[in-house]
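Remarks on the overall topology
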Number of protein chains: 2
Amino acid sequence: MKIFVNPGKEQWKELCLRAKQSESKPVEEIVLKILDRVKLDGDKALAELSLEIDKREVVGGFQVTEKELDEACERLSEALKAAIETAVKNISSFHRAQLPKEITVETTEDVVCIQRPVAIQKVGIYIPGGTAPLFSTVLMLALPAKIAGCKEVVMCTPCDRDGKVADAVLYAARRCGVDKIFKIGGAQAIGAMAFGTESVPQVNKIFGPGNRYVTMAKQLVGSTTVAIDMPAGPSEVMIVADETCCPEFVAADLLSQCEHGADSQGIVVCDSEKLANKIADAIEVQAAELPRDEYVLKSLANSRIIVLYSRAEMIKFANIYGAEHLILSISDGMKAVDDITAAGSVFVGNYSPESAGDYASGTNHTLPTSGWAHSYSGVNIDSFMRKMTIQNISASGLRGLSYTIIKMAEAEGLAAHANAVKIRLENEE
Amino acid sequence: MKIFVNPGKEQWKELCLRAKQSESKPVEEIVLKILDRVKLDGDKALAELSLEIDKREVVGGFQVTEKELDEACERLSEALKAAIETAVKNISSFHRAQLPKEITVETTEDVVCIQRPVAIQKVGIYIPGGTAPLFSTVLMLALPAKIAGCKEVVMCTPCDRDGKVADAVLYAARRCGVDKIFKIGGAQAIGAMAFGTESVPQVNKIFGPGNRYVTMAKQLVGSTTVAIDMPAGPSEVMIVADETCCPEFVAADLLSQCEHGADSQGIVVCDSEKLANKIADAIEVQAAELPRDEYVLKSLANSRIIVLYSRAEMIKFANIYGAEHLILSISDGMKAVDDITAAGSVFVGNYSPESAGDYASGTNHTLPTSGWAHSYSGVNIDSFMRKMTIQNISASGLRGLSYTIIKMAEAEGLAAHANAVKIRLENEE
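What you see is a predicted model; the values in this text were computed from it and never measured. (Residues numbered from 1 in each chain as written. Chains lettered and ligands numbered in written order. Predicted model: local features only at pLDDT ≥ 70, side-chain atom pairs only at ≥ 80, totals over all residues. Heavy atoms only, no water.)

Looking now at the confidence of the model for chain A. On average, residues of chain A score 95 in pLDDT, and 99% of them reach the 70 mark or higher. The ipTM for the predicted assembly is 0.96, set against a pTM of 0.96. (pLDDT = per-residue confidence, 0-100.)

Dropping the structure here:
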């Protein structure tokens, strides 16, 4: 693990760089074609793409049946169901507490302005298949959607060659009240939810992680057709540590990040070379014992340890990096959080590992990566709601504002805007 | 004005279509080149682009000086300053009331989860030049930015051939506490704020309206570099009216929308043909008296009156359309708002014209267009903040969660995630 000791400020920007992403142009072209086909031919295109890309013939439609759901729920172990139940409870209580209230202000006499939270009506959730069945992401997206009051929650997820979806994913979807589940994966799933097909309802906003094709599809529809949760990038963790940390814990957290994928990144910022070496040693020892090591070795190559001698400098560096996950294994961690301006989710102290937030503490694990934590929130209740404003103005209220509106409209050269007020003053009932 | 009487449901989708936008491919190519140049050459590219596109040689840098600001403030009429002051007061009080609070939930014993609102540190505001100096947009963006606590608010706006920016725009910027103002317009301004140059600070999020080039630049940087407020489209109003409306007011509101630009759209939904005809007549009479009529005539061609006989159908249609501005000139308007699921801002009753919200009621006028009101909020305090989560878990809190985390991590095949918990349990201090 590469260690940078007291790097100069001019080096900081480079040290904050994420792993290089491969060229996206060919992916964009492929995805654009897929999206066009789904837009034009709906279910027919979905069936053809399943055959072409996944080598799977679609039999009996795309939607997961009640029978399939029953069977999956039957099969899932009680032990895992119990674990999921704890996670559901914590995620629900933290997200329910976030429900925004309506705000009413009479800004001027008889001019009442309201900000009203309204649920987004239809949302789509994408759950990747692949190496690990990410049923925890079902909880993180479907629970807040339902708490927010979304009318219809649609889910797409790839199935295997035999048309099967992991039991835990189906169980989680039913537990969270997902309304419709479709066995569709890849960019075509994003297209289906963005444009709607005969089977798949068109949604207003799409959530969830995915591979390069899914990510590109979300990016493309996101600027033209439907809203998306946030821009996507590889997962990352930054751990800020001082002498109060436990080097083995720091190593374990960094490695839990690295097993996500080859392009994941872990950055340790600590305040002494001695500590840096201890952490590096612990990483080496623990890495040797892990399965999935092809990912771990590759993502360790994107990772680094940076030594900065003062707490203030460590926090400054953390704010420039803007980590998806920020672990503060330092003394007085909660006080340090007050100085954090950019991070997706912060884990304070030696007993708040990232995996707690990934699964069960109650916070959401869908978080901004690649520096987007400077401007984006992680998924939260707001992500499933809009805030609509309402104004209710009486004749006398409008009279009170009329000078201001007319003066400003005329100064902006907008005569009809001024006229909409004048005509009301002249014809007041 | 075209009137559609009781159209069948199969026609609704078409009746909700916005004016066709011209092909964006050539615009995209031009803008991509501009962005690349700004990214690569910073201020030098900005100066060259000013010469090439605006035929203006940049003298003495891009930033508006204190002297220029002093002079603009000096020149502006006291009458307009007084009007702006009223608007500032109302916008500030409505947006201040929106400031979110920190939320703390102990989801399980010794597992404390916090959702903390944090201001986005650096924001950029684009204010178009062109036919009308939109100083009201300065208020709508800079006031909430400062109320939210953004550390640096940067503004770009084009100037005329002599290097002048409208007095009202400069006055509004100073009044709202904008930190730096640059005389840069077009796609290059968006590039400058997205990438940063020697003069212009790089920001985390860009706000504000603009022409096709500005909009395309925002879209391009928005999916790769910095956050943007929302996707842009031409402005629009929907007016839902019944026999309690005043046809002249409806006409005036529709026309105030139409003067925004040739691609603006106004839709009236009312419940009788008689009323439809009265409104159409009033539009004709008032349109004849307006200046800026080239815009008005063109946007009237994108506009229509739709007759639907029941209140329920009118509301349903309004929700499908998802208007930027929705005026409810119907009996019991506030009750009807409860059924509105998609609109940017709602104006209730006969004395709540759109222009009240555009300038002075206190609500924000930066609103989602083109149906984005199904998923986006208008600009509000949240737009300038992120919500960061924090978890503070004690050793015993983690022990309580450990079964859940380990079980779920193992079921997802993520051994290192489980290990980050196990190693803590084994080495508890």
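This part is about the sheet that holds strand 13 (residues 343–348) of chain B. Spatially, 2(A)-3(A)-14(A)-13(B)-12(B)-9(B)-10(B)-11(B)-1(B) is the arrangement adopted by the 9 strands of the open sheet, whose pairing is mixed. Two strands lie at the open edges of the sheet, namely strand 2 (103–108) of chain A together with strand 1 (2–5) of chain B, each paired on one side alone. When the angles between neighbouring strand axes are averaged without regard to direction, this sheet yields 20 degrees. Pairing geometry for strand 9 (residues 236–241) of chain B and strand 10 (residues 265–270) of chain B, over 6 bridges, is parallel. Within the sheet, the bridge partner assigned to I239 of chain B lies in strand 10 of chain B and is V268 of chain B. Its contacts with the sheet put helix 9 (residues 247–258) of chain B on strand 9, strand 10 and strand 12 (323–329) of chain B, and the angle it makes with strand 9 of chain B is roughly 170 degrees. (Pairing = 2+ DSSP bridges. Helix = DSSP H or I, 4+ residues; strand = E, 2+ residues; numbered from the N terminus. Axes fitted to C-alpha atoms, helices over the stretch in contact; angles between N-to-C directions. Contact = heavy atoms within 4.5 Å.)

Next up on the list: the interface of chain A and chain B. Listed per partner, the contact involves 120 residues of chain A and 120 residues of chain B. Roughly 10300 Å² of surface becomes buried between chain A and chain B when both sides are summed, with 60% attributable to carbon and sulfur atoms. Ranking the residues of chain A by area buried against chain B places Y351, E412 and R424 of chain A at the top, with a combined share of 8%. Our enumeration of links across chain A and chain B arrives at 6 salt bridges. Its salt-bridge partner being R424 of chain B, residue D253 of chain A comes within 2.6 Å of it at the nearest N-O pair. The tally of links between chain A and chain B comes to 68 residue pairs in polar contact (both at pLDDT 80 or more). Classifying every residue of the side of chain A that touches chain B by side-chain character gives 61 nonpolar, 42 polar and 17 charged. (Buried area = accessible area lost by both parts, 1.4 Å probe. Salt bridge = Lys/Arg side-chain N within 4 Å of Asp/Glu carboxyl O. Polar contact = N/O pair within 3.5 Å; in protein donor to acceptor, adjacent residues only side chain to side chain. Nonpolar A, V, L, I, M, F, W, Y, C, P; charged D, E, K, R; others polar.)

Side chains carrying opposite charge are able to pair once their charged atoms draw close together. Inspection of the entire model under this criterion finds 44 salt bridges over all chains. For E71 of chain B, the salt bridge goes to K67 of chain B, with nearest N and O atoms at 3.2 Å. Residue E71 of chain B and its partner K67 of chain B are both found in helix 3 (residues 66–75); the two are separated by 4 residues, about one turn of the helix. By relative accessible area, E71 of chain B is classed as partly exposed at 35%. When its relative accessible area of 57% is taken as the criterion, K67 of chain B is described as exposed. In this structure, K218 of chain B engages D229 of chain B in a salt bridge whose closest nitrogen and oxygen atoms are separated by 2.7 Å. On the criterion of sequence distance, the pair formed by K218 of chain B in helix 8 (residues 212–222) and D229 of chain B in the loop between strand 8 (227–228) and strand 9 is long-range, its members being 11 residues apart. No difference in accessibility class separates K218 of chain B from D229 of chain B, as the two residues are buried. Linked through salt bridges whose partners overlap, the residues forming this network are R37, K44, E48 and E52 of chain A. (Buried < 20%, exposed > 50% of the residue type's maximum accessible area, 1.4 Å probe, protein only.)

Residues and elements named next belong to chain B. One open sheet accounts for 5 strands, arranged 6-5-4-7-8; its pairing is parallel. Looking at which strands have only one partner, the edges of the open sheet turn out to be strand 6 (180–182) and strand 8. Bridge count for strand 5 (residues 152–156) against strand 6 is 3 bridges, and the pairing is parallel. Directly across from M155, in strand 6, lies its bridge partner I181.

A separate point is helix 16 (residues 415–426) of chain B. Over its 12 residues, helix 16 of chain B runs 16 Å from end to end, which matches the ideal 16 Å to within 8%, given 1.5 Å per residue. Buried within helix 16 of chain B are the following residues: A416, H417, A418, A420, V421, I423 and R424 of chain B. (Expected span 1.5 Å × (residues − 1).)

Looking now at unusual backbone geometry. Of all residues except glycine, most have a negative phi; of all peptide bonds, most are trans. Residues and elements named next belong to chain A. Positive phi is not limited to glycine here, since S370 has a value of about 55 degrees. If you trace the backbone, S370 turns up in the loop between helix 14 (354–359) and strand 14 (385–393). For S370, a relative accessible area of 32% gives the class partly exposed.

Before going further, it helps to spend a moment on the relation of the copies chain A and chain B. With an RMSD of 0.0 Å, chain A superimposes on chain B once it is rotated by 180 degrees and translated 0.0 Å along the axis. What we have between these two chains is a two-fold relation. By C-alpha distance to the rotation axis, the residue of chain A lying nearest is S223 of chain A, at 3.8 Å. Take the interface residues of chain A: 100% of them recur as interface residues in chain B, which is what a same-surface contact looks like. (Least-squares fit on C-alpha atoms with pLDDT ≥ 70 in both.)

Our next topic: the domain arrangement of chain A. Residues and elements named next belong to chain A. Split by domain assignment, chain A resolves into domain 1 (24–98 + 117–225), domain 2 (233–377) and domain 3 (394–428). Put simply, the middle of domain 1 and the middle of domain 2, counted by C-alpha atoms, are 29 Å apart. At the interface, 12 residues of domain 1 touch 12 residues of domain 2. At the junction of domain 1 and domain 2, the tally comes to 0 salt bridges. Seen at the junction of domain 1 and domain 2, the total is 5 residue pairs in polar contact (both at pLDDT 80 or more). Split into classes, the residues belonging to the side of domain 1 that touches domain 2 amount to 7 nonpolar, 5 polar and no charged. (Domains from an automatic or database assignment.)

We now examine the packing of helix 2 (residues 25–54) of chain A against helix 8 (residues 212–222) of chain A. All names here are of chain A. At a minimum axis separation of 9 Å, helix 2 and helix 8 run at an interaxial angle of 65 degrees. In terms of orientation, helix 2 lies roughly perpendicular with respect to helix 8. Where helix 2 crosses over helix 8, the two elements pack in a sense that is right-handed. Here V27, E28, I30, V31, L32 and L35 of helix 2 come into contact with helix 8, specifically with R212, Y213, M216, A217, L220 and V221. (Parallel < 35°, antiparallel > 145°, perpendicular 65-115°, else oblique. Left-handed = near helix turned anticlockwise from the far one by under 90°.)

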